[in-house]
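Residues per chain are reported as follows:
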Amino acid sequence: MSIQLTSISKIYGSQTAVNNLSFSAKKGEIVGFLGPNGAGKSTTMKILTGYLQPSEGTVLVNDINVVVNPIKAQKNIGYLPEHNPLYLEMYVKEYLHFVASIHKINKTEIDVVIDRVGLSQESQKKINQLSKGYRQRVGLAAAIIHNPDVLILDEPTTGLDPNQLVEIRALIKELGKDKTVLLSTHIMQEVEAICNRVIIINKGEIVLDESLSSLKENQEQVITVTFDFKIEEQLLLQLPNSNTAENISDNSWKLSFSTKTDMRPKLFDFAQEQGLKILELNSENKNLETLFRELTL
Ligand code: ADP
């Protein structure tokens, strides 16, 4: 396993920021780390990168104990902190030379990395002349310059415009092919766009850890329907794959089904059989956003 956290807790004074958290991740996984503000995402990431000591638990990166051997572990980790601290007065290339020298990396690697993150056109500019999207690229270049196996990205797309978002997401997805990526975000679409696994934490604890494919597989279908007349709940529950039937008002119902097959045609047939008319119908898939709200309330 590239990342292995076992029973990690972090206590600040009387406050538990992370509570007995365990998960592992392997190469090729791009894990979306989701949670409301204050859930413990940044704390976990800082512990994982060796910048913060856990109060309890073990952290291994490529089997190296991060607490015991932070410098050795950090050779395997690329970290983009939340507020991407950059030396704004430096030129892009100058800054990356500086980062490369810290890692004792051959200077020839710098151009390779600049090219990989799409900074070639901007490499002669000062960092403070760059847009937020390009500054993020500089941060990413600095994070991958030593070719680490593990990438820890704390809210990598915050503050980017829609075009920059698309570009940076594509870049992260590309980088994730041969690395293990853990990225925090509170944008659900981001997880759907780039991640193949999602971990949701709330109040320092994991409340969901699932692959995106199995999430999609198990998605619920929710249909809100209004009939022209009264109907019994028991009858509605006889619809195939029916999970729940909730009476919202008068003749309006919220129905949930455990299938991806569109249930609307079945519902029309059903209404006809029952001698009812459908006055209104809305279908929605229970997406990650709904799940997130349910799990983190
Ligand atoms: P997230 O990244 O999910 O927003 P954080 O890891 O930053 O959450 O914070 C988790 C909890 O720990 C929050 O309640 C926060 O106030 C608290 N916390 C974070 N850093 C410190 C600190 N240095 N001292 C005291 N409390 C902290």
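All values reported here derive from a predicted model rather than from experimental measurement.

## Some details on the UniProt feature "domain: ABC transporter" (unreviewed entry) in the protein
In the numbering used here, UniProt assigns the feature "domain: ABC transporter" (unreviewed entry) to residues 3–228. Between the end C-alpha atoms of residues 3–228 there is a gap of 56 Å, over a span that is 32% helix and 31% strand.

## Some details on the packing of helix α5 (residues 132–144) against helix α6 (residues 162–175)
With their axes 10 Å apart at the nearest point, α5 and α6 run at an angle of 15 degrees to one another. Relative to α6, the element α5 is oriented roughly parallel. Between α5 and α6 lies a crossing whose hand is right-handed. Facing α5, whose interface residues are Lys132, Gly133, Gln136, Arg137, Leu140 and Ile144, α6 presents Gln164, Glu167, Ile168, Leu171, Ile172 and Leu175. Taken together, the residues of the contact of α5 with α6 break down into 6 nonpolar, 3 polar and 3 charged.

## Considering unusual backbone geometry
The backbone of Glu155 shows a phi angle near 45 degrees, a positive value even though the residue is not glycine. Tracing the sequence through the fold places Glu155 in the loop between β7 (150–154) and α6. For Glu155, a relative accessible area of 9% puts it in the buried group. Unlike most non-glycine residues, Asn241 shows phi in positive territory, near 65 degrees. Relative to the helices and strands, Asn241 is located in the loop between α9 (233–236) and β12 (242–249). In this structure Asn241 comes out as partly exposed when scored by relative accessible area, which is 38%.

## Observations regarding the pairing of strand β1 (residues 3–12)
With 5 bridges connecting them, β1 and strand β4 (residues 56–61) associate as antiparallel partners. For Thr6, the partnering residue across the bridge sits in β4 and is Thr58. By the bridge criterion, 7 bridges tie β1 to strand β2 (residues 15–25) in an arrangement that is antiparallel. Note on β2: the bridge partner recorded for Gln4 is Ser24. With antiparallel pairing between neighbouring strands as the criterion, β1 and β2 make up a hairpin whose turn holds 2 residues, including Gly13 at a positive phi of roughly 55 degrees.

## Some remarks on the packing of helix α3 (residues 92–102) against α5
Viewed as axis vectors pointing N to C, α3 and α5 meet at an angle of 25 degrees, and their least axial separation amounts to 9 Å. Taken together, the axes of α3 and α5 lie roughly parallel to each other. When the axes of α3 and α5 are compared, the crossing they make is right-handed. Along its contact with α3, which presents Val92, Tyr95, Leu96 and Val99, the element α5 presents Val138, Ala141 and Ala142. Class assignment of the residues belonging to the contact of α3 with α5 gives a composition of 7 nonpolar, no polar and no charged.

## Description of the sheet that holds strand β8 (residues 180–185)
Strand order across the open sheet formed by 6 strands is β6-β7-β8-β3-β9-β10, with mixed pairing between neighbours. Looking at strand neighbours, the two that pair on one side only are β6 (77–80) and β10 (205–211), the edges of this open sheet. Taking each pair of neighbouring strands and ignoring which way they run, the sheet shows an average axis angle of 15 degrees. As paired strands, β7 and β8 are joined by 5 bridges and run parallel to one another. Following the sheet pairing, Ile152 is matched in β8 by Leu182. Strands in contact with helix α1 (residues 41–48) are β3 (30–34), β6, β7, β8 and β9 (197–202); relative to β8, the strand with the most contacts, it is inclined by about 150 degrees. Across the face of the sheet, α5 comes into contact with β6 and β7 while running at roughly 160 degrees to β6.

Quick notes on the rules
Residues numbered from 1 in each chain as written. Predicted model: local features only at pLDDT ≥ 70, side-chain atom pairs only at ≥ 80, totals over all residues. Heavy atoms only, no water. UniProt positions renumbered as here; feature names shortened; annotations may be inferred. Helix = DSSP H or I, 4+ residues; strand = E, 2+ residues; numbered from the N terminus. Axes fitted to C-alpha atoms, helices over the stretch in contact; angles between N-to-C directions. Parallel < 35°, antiparallel > 145°, perpendicular 65-115°, else oblique. Left-handed = near helix turned anticlockwise from the far one by under 90°. Contact = heavy atoms within 4.5 Å. Nonpolar A, V, L, I, M, F, W, Y, C, P; charged D, E, K, R; others polar. Buried < 20%, exposed > 50% of the residue type's maximum accessible area, 1.4 Å probe, protein only. Pairing = 2+ DSSP bridges.

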